[in-house]
Amino acid sequence: MTEADVAAVAACVADAGRVVTNAQTVQRLSRDFYWYSPVLKKKLDEKRAELVVQPVSVEEIQAVLACCFARGVPVTVRGAGTGNYGQAIPLEGGVVLDLIGMDRIVEITDDGVAVCEPGARLGAIEAAAREAGWELRCYPSTVVKASVGGFLGGGSGGIGSVAHGGLRDFGTVRAIEVVTMEAEPRVVLHEGQAVHDVLHAWGTNGIITKVWLVLTPKVEWAQCAVAFETFDEAFTFGELVAVGDEWTKRLVTVFEWPIPSCFSPIAQVTRKGKALVFVMIAETQLEALKDAAAGGGEVTLGVAYAGLRTVPLLSDYTWNHTTLWAIKQDEAFTYLQCGFDPARVREQFALLKERFGDEILFHIEFMKVGSGVVIPGSIPLVRFTTEERLNEMIDFCRANGVGVANPHVNHVEGGGRYREDNVQLRTKYKYDPKGLLNPGKMVTFVLPDGPAARGAVTS
């Protein structure tokens, strides 16, 4: 960016304090948790924006995008920066559009919809929803910090997915408002199935400015932890709870030992050498769950849930927080994102163990998929040695019917969440004709006349 570019973009917002040029702050706001992947860490460590702008209104976003469009300046949108795939890291410099100041919860409707600006924190939405008799259908383990816009742009599932599916299932996102990257940026509302045009597109085809998120009636929950002698016993118990319609649950997680050894703050609920199951269950069913576990497991925790400030909060050790705790203990750990076949899952476990042994450690998150079936999703820990070995593991999984969404690639298509009908790509051609939104992250997008088509101006 030239000095003229910087000055022109800065003039688009009313308060100069929301234009960040300090090099250290710009670098910090150009990053997320990409370093979960040693492959991405090597590729992305040196990438950063040249300027960060923090708009507080749709009008300011439109002004920034119009200015950047005219000058050919790339724009990468940022939520709270809790993603793990480098979604918010600018590959070509330019502007980071930090939406953290647009954090209003507009309303919780009587029929259970949270209407929010993109910077609203999911933890705040959960608290507001529960006060009104509702709660989030699903949320990531980073719920306290994560923003709803970032979750829609780059997230997938989380706590609650065992009952309600992932973020893109069962109409959880009712509508999204986005701003386009054109000479005169438009505000476009996507409703119903049209939300999939922009869901999980990493901000490559529109800037999310408002969200309508469907909630579910509030349940009084309890937390339970059960230790088992073997992973097979733990998995069997977790599977029974996850697929059993008689159980009202929000979380069913199974850990192979030694994963629980990484959870040092909650060592009191782990048992050396034993597999562990975490369950979030309706409080009215806690005693029945304990009884069900008593046949082969040891209940190490069974307490009422008092919201996100509960101590200990077991969900802080599930989903991709599991990976974080493991990396804190040993930086050689990384992870994969897998989906096992319920009919073949034990065979698939055996094949992976026979081939890779303790290079892969099973961490299971049960989740409901779009067909309504509950499957053993997985975020297994992997002891990283080389990228070639990691790719060998991914290929072996896929050859044996284990789905893999690869978290070690830095584009929408490669992570296994790209839509085969190409609606996201078609939307990018409509809404971002110069390819200036998060360039390099949608690799199927091709400028008609090459990079020069971005048409930068110099004054």
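In what follows, the structure referred to is the one given above.
Everything numeric in this text was worked out from a predicted model, so none of it was measured. (Residues numbered from 1 in each chain as written. Predicted model: local features only at pLDDT ≥ 70, side-chain atom pairs only at ≥ 80, totals over all residues. Heavy atoms only, no water.)

Caption draft 1: Representation of the packing of helix 8 (residues 231-243) against helix 11 (residues 345-356) in the model. As a packed pair, helix 8 and helix 11 sit with axes 12 Å apart at the nearest point and diverge in direction by 150°. The orientation of helix 8 relative to helix 11 falls into the category roughly antiparallel. For the pair helix 8 and helix 11, the sense of crossing is right-handed. Side by side, helix 8 and helix 11 meet where F231, D232, F235, T236 and E239 of the first sit next to V345, R346 and F349 of the second. (Axes fitted to C-alpha atoms, helices over the stretch in contact; angles between N-to-C directions. Helix = DSSP H or I, 4+ residues; strand = E, 2+ residues; numbered from the N terminus. Parallel < 35°, antiparallel > 145°, perpendicular 65-115°, else oblique. Left-handed = near helix turned anticlockwise from the far one by under 90°. Contact = heavy atoms within 4.5 Å.)

Caption draft 2: Fine view of the nonpolar core. In terms of nonpolar packing, the biggest core is built from 64 residues, with V148, L152, I176, L213, F263 and F278 touching the most fellow members. Each residue touching F263, except ones within four places of it in the same chain, is listed here: F255, F278, Y317, T322 and W325. Within the second largest apolar cluster, 42 residues are counted, among which are V39, A242, L336 and F366. (Core = buried A, V, L, I, M, F, W, Y, C linked by side-chain atoms within 4.5 Å. Buried < 20%, exposed > 50% of the residue type's maximum accessible area, 1.4 Å probe, protein only.)

Caption draft 3: Seen up close, helix 11. The end-to-end C-alpha distance of helix 11, which contains 12 residues, comes to 16 Å, matching closely the 16 Å that a straight helix rising 1.5 Å per residue would cover. Taken together, the buried positions of helix 11 are V345, Q348, F349, L352 and F356. Down the axis of helix 11, the sector holding all buried residues measures 105°, keeping them to one side. Each element contacted by the buried residues of helix 11 is listed here: helix 8, strand 17 (360-361), strand 18 (363-368), strand 19 (374-378) and helix 12 (387-399). (Expected span 1.5 Å × (residues − 1). Arc of directions from axis to C-beta.)

Caption draft 4: Main features of the state of the cysteines. This model, assessed by the stated rule, comprises zero disulfides. Unpaired in terms of disulfides, C262 finds its nearest cysteine sulfur in C338, a separation of 18 Å. (Disulfide = S-S within 2.5 Å.)

Caption draft 5: Quick look at the layout of surface pockets. Taken as a whole, the second largest pocket holds about 160 Å³ of empty space. Residue lining of the second largest pocket: G123, A124, E126, A127, R130, V144, Y305, G307, L308 and R309, and that is the complete set. Of the residues contributing to the lining of the second largest pocket, the split by class is five nonpolar, two polar and three charged. (1 Å grid on protein atoms, 1.4 Å probe; cavity = no way out; pocket = protein on both sides within 12 Å on 5 of 7 lines; lining within 4 Å. Points joined across faces, edges and corners; volume = space filled by probe spheres on them. Nonpolar A, V, L, I, M, F, W, Y, C, P; charged D, E, K, R; others polar.)

Remember, this is a structural readout, not a statement about activity or role.
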